[in-house]
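# Inside the fold
This is what each chain is made of:
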Amino acid sequence: MSPLTRRQLLALGAAGAGATIVGGAGLWWTTSSSRGYMGGQDLIEPQVLSSRDRVLALDLEAAPTRIQVGGREASVQTFNGSLPGPTLRVAPGDTIRVAMTNRLEAPTNLHVHGLHVCPEGNGDNPFLSIAPGESFDYEFVLPEDHLPGTYWYHPHRHGHVADQVAAGLYGAIIVEDTEPVPVARERVLVVSDLSLDASGNLAEIDRMQQMMGREGEVVLVNGQVRPRLTAAPEERERWRIVNACPSRYLRLQLEGQQVRLLSRDLGRLPVPEEITEVLLAPGNRVELLIETTEGSAVLVAAPVGRGGMDSMMGGGMMGDNNPGNDDATELFTLEVTGDAAQTPQPVPAGPALRDLRGEPVAGRKTLDFAMGMAGSMGGDGATMGGMGSGENSVMAFTINGQEFDPERTDAPVTAGTVEEWTLTNSSPMDHPVHLHVWPMQIIDDGDRDVSEPRWQDVVNVPARGQVKVLIAFEDFPGRTVYHCHILDHEDQGMMGTVEARRG
Ligand code: C2O
Ligand code: CU
Ligand code: CU
């Protein structure tokens, strides 16, 4: 027997010392907070709603819901009673009509993350608010040349986004390929996390968790704890993975299987790229191709240090200020057994990715993402010496020194032009920066030359680092937002407005 690698030890650590196998019922284990969740059930996928005659029309109800999570009763919030909500499956050129009803006690609304659709009126409008008890009819019209990929939907009512997403309000959107990729099966895997208290209610969030960005105590895949997937050897699967966690980064690893990256956020790579791990910031998606090999493999989310506030707090005195440094988490097991399947057809090369380098740049902007003590803004790295526990502190989350104001237009751009944006981070924590409607081409990520065209709609800007992107503000004039996708940061003000105006 070969000694365990560090990675295997980390993977084992997720189950904790208290792990016990309980018959056929699955695996029970104890979390650090001593609350037991049960896992090991067969994976369930959300219901799929597909368009017909170029239209997908649906009712979507956001409501408090009592469900089972990992064998425990849980009071969460869901779309249409299930966690995640239904998967919406459409093709380029389709129209999605959503009759949304708010049965929550707080205002809400709906955002279609990553879709290239109109941000105005009853489109993907983040400034709308649906009051409790009210309904609203959304319409999203996808252009004929919309890029295929895995997208998602979630509420976007400022001040309530982290609470509502953490409570269970999210679902996947699939925009189909124009040229299909031959696979034995496709799976939609929505990853989220939550914390329950002893009576199964969502745990209260304290001020420190809000500042760090909350990470739930249990990580779910399609609302399940450590589910089980099965396949035959030599099959090809396509996994569409959504990081719907409010703040948690996922560094995904699957040992013992061949893994290729097919898509990152939008579109697809012309040739899938062999990988050993992939990092998803909150809001990111990936599509993976798995060529199965006999055996049992575990999809692990390895620890990700995303910075912390130690350096602002004078170091160490605030308890655990560095989220994401805990043990690895097991997301699910893949069991590959039985007779080998027929070797799948090769994956046809996809169209080349667009490259905005070489197109004229009509404007340049710098957006600085910062955290500081309110009242001492503007200075860098404001310290918090002598402020005690920090529970009463007022930390401001800003972009270019300002908190979100829906009335103010922070970034005017001319519709139809390309701009270069430099995203800087003068804080000691990473911020995953997201822009609605128009995807970003990363041309400089701080350490590496980005030679291949690389497109994302959430771009991680590391602590004290910077990233440069190109954006083509085309197809839709209108006003929308960009923000940190650590949703607690967004709710606390780390969001700005952009308006594409007709030139
Ligand atoms: Cu996924 Cu503005 O959000
Ligand atoms: Cu979005
Ligand atoms: Cu942030």
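First things first, this report covers the structure right here in the doc. Predicted model, so just to flag it, every value in this text is computed and none were measured. (Residues numbered from 1 in each chain as written. Chains lettered and ligands numbered in written order. Predicted model: local features only at pLDDT ≥ 70, side-chain atom pairs only at ≥ 80, totals over all residues. Heavy atoms only, no water.)

### Quick word on the overall build of the protein chain
Across its full length, the protein chain carries five helices and 35 strands. The buried share of the protein chain, taken over its 503 residues, is 56%. Within the protein chain, contacts between residues separated by at least 24 positions form 78% of all contacts whose residues are at least 6 apart in sequence. (Helix = DSSP H or I, 4+ residues; strand = E, 2+ residues; numbered from the N terminus. Buried < 20%, exposed > 50% of the residue type's maximum accessible area, 1.4 Å probe, protein only. Contact = heavy atoms within 4.5 Å.)

### Re the environment of S129
Structurally, S129 can be placed in the loop between β9 (111-113) and β10 (135-141). Sequence spacing of S129 and P155 is 26 residues, and the spatial spacing of their C-alpha atoms is 9.9 Å. If near-sequence neighbours (up to four positions away) are discounted, S129 is found in contact with P107, T108 and R157. There is a polar contact of 2.7 Å between the side chain of S129 and the side chain of R157. (Polar contact = N/O pair within 3.5 Å; in protein donor to acceptor, adjacent residues only side chain to side chain.)

### Describing the nonpolar core
Residues W421, L423, V469 and V498 are the most contacted members of the largest nonpolar core, which totals 40 residues. A per-element tally of this core places strand β25 (residues 361-373) first, with four residues. Apart from residues no more than four positions distant in its own chain, L423 is found in contact with L367, F369, V433, M440, V461, G465, Q466, V467 and V469. Residues V90, V117, L128 and L169 belong to the second largest nonpolar core, which totals 32 residues. (Core = buried A, V, L, I, M, F, W, Y, C linked by side-chain atoms within 4.5 Å.)

### Description of the coordination of the copper ion (ligand 2)
The protein atoms that coordinate the copper ion (ligand 2) are H111 (NE2) and H434 (NE2), at distances spanning 1.9 Å. Of this pair, H111 sits in strand β9 while H434 sits in strand β29 (residues 431-435), and the two are 323 residues apart along the sequence. Of the two residues examined, H111 and H434, each falls in the buried class. (Donors = N, O, S within 2.8 Å, 3.2 Å for Na, K, Ca; no water.)

### Let's talk about the coordination of the copper ion (ligand 3)
Bound to the copper ion (ligand 3) are the protein donor atoms H431 (ND1), C484 (SG) and H489 (ND1), situated 2.0 to 2.1 Å from the metal. All donor residues of the copper ion (ligand 3) come from one chain, and their arrangement in sequence is H-x52-C-x4-H. A single burial state applies to C484 and to H489, both of which are buried.

### A word on the side chain of R306
As for its position among the elements, R306 is in the loop between β23 (295-302) and α4 (310-313). Within the local environment of R306, its side chain forms a polar contact with the backbone oxygen of M212, the two atoms lying 2.8 Å apart. Not counting residues up to four positions away in its chain, the partners in contact with R306 are M212, G213, E215, S247, Y249, P323, M429, D430 and I486.

### Some remarks on the sheet that holds strand β5 (residues 55-69)
One open sheet holds the four strands; their spatial order is β6-β5-β8-β10, and the pairing between them is mixed. Looking at which strands have only one partner, the edges of the open sheet turn out to be β6 (72-79) and β10. Each strand axis lies, on average, 25 degrees off the axis of its neighbour in the sheet, ignoring direction. Bridging between β5 and β6 involves eight bridges; their strand directions are antiparallel. Bridging across to β6, A63 finds its partner in T78. (Pairing = 2+ DSSP bridges. Axes fitted to C-alpha atoms, helices over the stretch in contact; angles between N-to-C directions.)

### Let's talk about the sheet that holds strand β32 (residues 458-461)
With respect to topology, five strands assemble into an open sheet ordered β27-β35-β34-β29-β32, the strand pairing being mixed. Looking along the sheet, the strands with just one partner apiece sit at the ends: β27 (411-414) and β32. The sheet shows a mean angle of 25 degrees between the axes of neighbouring strands, taken without regard to direction. Sheet topology note: the β27/strand β35 (residues 495-501) ladder contains four bridges and is parallel.

Any functional reading would require information that these geometric values do not contain.
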